[in-house]
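Chain by chain, the residues run as shown.
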Amino acid sequence: MLGKRKRVVLTIKDKLDIIKKLEEGISFKKLSVVYGIGESTVRDIKKNKERIINYANSSDPTSGVSKRKSMKSSTYEELDRVMIEWFNQQKTDGIPVSGTICAKQAKFFFDALGMEGDFNASSGWLTRFKQRHGIPKAAGKGTKLKGDETAASEFCGSFQEFVERENLQPEQIYGADQTGLFWKCLPSRTLTLETEQSTSGCRSSRERIIIMCCANATGLHKLNLCVVGKAKKPRAFKGTDLSNLPVTYYSQKGAWIEQSVFRQWFEKYFVPQVQKHLKSKGLLEKAVLLLDFPPAHPNEEMLSSDDGRIIVKYLPPNVTSLIQPMSQGVLATVKRYYRAGLLQKYMDEGIDPKIFWKNLTVLDAIYEVSRAWNMVKSSTITKAWKKLFPGNEENSGMNIDEGAILAANLATVLQNTEECEHVDIETIDQWFDSRSNDSSCQVLADGESAEDQTKAAEQKPSSKSRKTELNPEKHISHKAALEWTENLLDYLEQQDDMLLSDKLVLRRLRTIIRKKQKIQNNKNH
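Where an unreviewed UniProt entry is consulted, the chain appears under the name Tigger transposable element derived 2, with the organism given as Rhinopithecus bieti. Database annotation for the chain, UniProt heading Subcellular location (unreviewed entry): "Nucleus".

Here you go:
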């Protein structure tokens, strides 16, 4: 009689190895013998393949996550996703994170997300959080997390050899990276009076989208932004054909772009666009896309064009801040242009901050961030590749700080704007560089006073007055003009043959009409 088989508990690394061997064609029976487990266990691993890979990819590969034997999730999964995103961002930027700071940030996110329950950011929670994501103990003791310069140097050398071996030109080498954008992030010292900032009328913005920038090393081929939001079709998208947006839009619940979304973007958008561009340049339709490691992306083998000529390569761990092209000022420049555009839009409309805030939608943000990405100069992108391609930026022009120029110009304009005389360059710079919902980034609370609601009601014309105003023989009011403009914008969004420039013209007209309406309202009072 055979003895009872000893119980074997596999580590995450063992499970990943089994998945790889199954893909190589090794049988269930053989693997069960090698690892001392039942065939049913091997089949369960195959069944949970995607979940295991996602879990491994979401953890720090330099930690001991591969030794873990379970994938127990957090009680508050949304909080867990936001916290690991925040932690990874601090790590990328070399910002020290202690256990106390981590616990305070968790409590802040719990409240900001409006979550229910009796959450306590205790030492036990912190320990389990680290274990779930394989965060080493050193990361929680306030030690500054620096990039791995040795790994970065070695990768640069091997990547340059790969480029020479494959005979690739800068036109055929692409980089992509993602970042979170708090699209309602307005500078508190600019758009609210100092006396209002201490009241409950202001709160930190938590409305966020993910943007992913992708361009080649010449900076001459910038793909449309990939934007990911939580809603499949936000209310602001009503009547809008998604294919007509100036970006590629996807929806998901996670904090980073998920594997399924990224693979869809890669296969349906990236590959065709790159092939089209290279063909127009008379180049071989062959390219490489450089990505962060560990991203929530599929394995390298799963990302390639049908002919295998367009592939991806991952950076080694802990080198993003050192050599990832999009992290060398490109993403920061996009955010600066976005925030500058947002502030300029506010000044152009000249309306009360509460009304401006209420009118701002995620669709407005998408158009604004698309415009910001288009404004990033090719020379800025070329410079971002200089560590991977020394000398490639020689002809890219003078090293001008675009952000400093933007800050100086906006500060000058604001100092001549009513209620904004106190703003200086330092204030604008701090707001430009704010990464999340910190104290320099405030918005108005959802609650409105009765006076605000009355004003909003006054802005919306009744059906009777609308009929009178739409009569071409009568004087056309600003209200009617604004309504017509918004209807026309809705119409353009539904058409698949309208140019982005046409839509932007109408959006500019809408801003002018709102400004005129505000001036008239002030005169009447």
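Once you've had a look at it, read on.
## Looking at the UniProt feature "DNA-binding region" (unreviewed entry) in the chain
Taking the numbering used here, the UniProt-annotated feature "DNA-binding region" (unreviewed entry) corresponds to residues 28-48. End C-alpha to end C-alpha, residues 28-48 measures 15 Å, and it is 81% helix and 0% strand.

## Let's talk about the pairing of strand S7 (residues 287-291)
In terms of burial, S7 is largely enclosed, as five of its five residues are buried. Where burial is concerned, the two faces of S7 agree: the one with Ala 287, Leu 289 and Leu 291 and the one with Val 288 and Leu 290 are both buried. As paired elements, strand S1 (residues 173-182) and S7 share three bridges and run parallel to each other. Counterpart to Ile 173 in the pairing with S7 is Val 288. Across five bridges, the pairing between S7 and strand S8 (residues 310-314) is parallel. When the sheet's bridge partners are listed, Leu 290 is paired in S8 with Lys 313.

## Some thoughts on the packing of aromatic side chains
Summed over the entire model, instances satisfying the criterion amount to 10 aromatic pairs. Note on Phe 155 and Phe 159: the rings are 5.6 Å apart at their centroids and 20° apart in plane angle, and the pair reads as stacked. On the criterion of helical spacing, the pair formed by Phe 155 and Phe 159 is a turn pair, its members being four residues apart in helix H8 (residues 149-166). For Phe 155, a relative accessible area of 11% corresponds to the buried category. Phe 159 gets classed as buried once you look at its relative accessible area, which sits at 1%.

## A word on the pattern of salt bridges
On inspection of all chains with the given rule, the structure shows seven salt bridges. When the shortest N-O distance is used, the salt bridge between Glu 23 and Lys 49 registers 2.8 Å. In this pair, Glu 23 is assigned in helix H1 (residues 12-23) and Lys 49 in helix H4 (residues 49-57), connecting sequence segments 26 residues apart. You can call Lys 49 partly exposed: its relative accessible area is 30%. The residue Arg 371 makes a salt bridge to Glu 368 at a minimum N-O spacing of 2.5 Å. Here Arg 371 pairs with Glu 368, and both are found in helix H15 (residues 362-375), just three residues apart, close to one helical turn. A residue is classified by how much of its surface remains accessible, and Glu 368, at 13% relative accessible area, is buried.

## Let's talk about the environment of Pro 390
Positionally, Pro 390 belongs in the loop between helix H16 (378-384) and helix H17 (402-414). Taking the relative accessible area as the measure of exposure, Pro 390 reaches 61% and is therefore exposed. Along the backbone, Pro 390 and Cys 156 are 234 residues apart, and their C-alpha atoms lie at a distance of 10.0 Å.

## Thoughts on the environment of Phe 389
Checked against the element boundaries, Phe 389 lands in the loop between H16 and H17. The sequence separation of Phe 389 and Gly 157 amounts to 232 residues, and the corresponding C-alpha distance is 9.8 Å. For Phe 389, the residues in contact, after removing those within four places along its chain, are Phe 159, Val 163, Ile 173 and Ala 217.

Definitions and cut-offs
- Residues numbered from 1 in each chain as written.
- Predicted model: local features only at pLDDT ≥ 70, side-chain atom pairs only at ≥ 80, totals over all residues.
- Heavy atoms only, no water.
- UniProt positions renumbered as here; feature names shortened; annotations may be inferred.
- Helix = DSSP H or I, 4+ residues; strand = E, 2+ residues; numbered from the N terminus.
- Buried < 20%, exposed > 50% of the residue type's maximum accessible area, 1.4 Å probe, protein only.
- Pairing = 2+ DSSP bridges.
- Phe/Tyr/Trp six-rings, centres within 6.5 Å; stacked < 30°, edge-to-face > 60°.
- Salt bridge = Lys/Arg side-chain N within 4 Å of Asp/Glu carboxyl O.
- Contact = heavy atoms within 4.5 Å.

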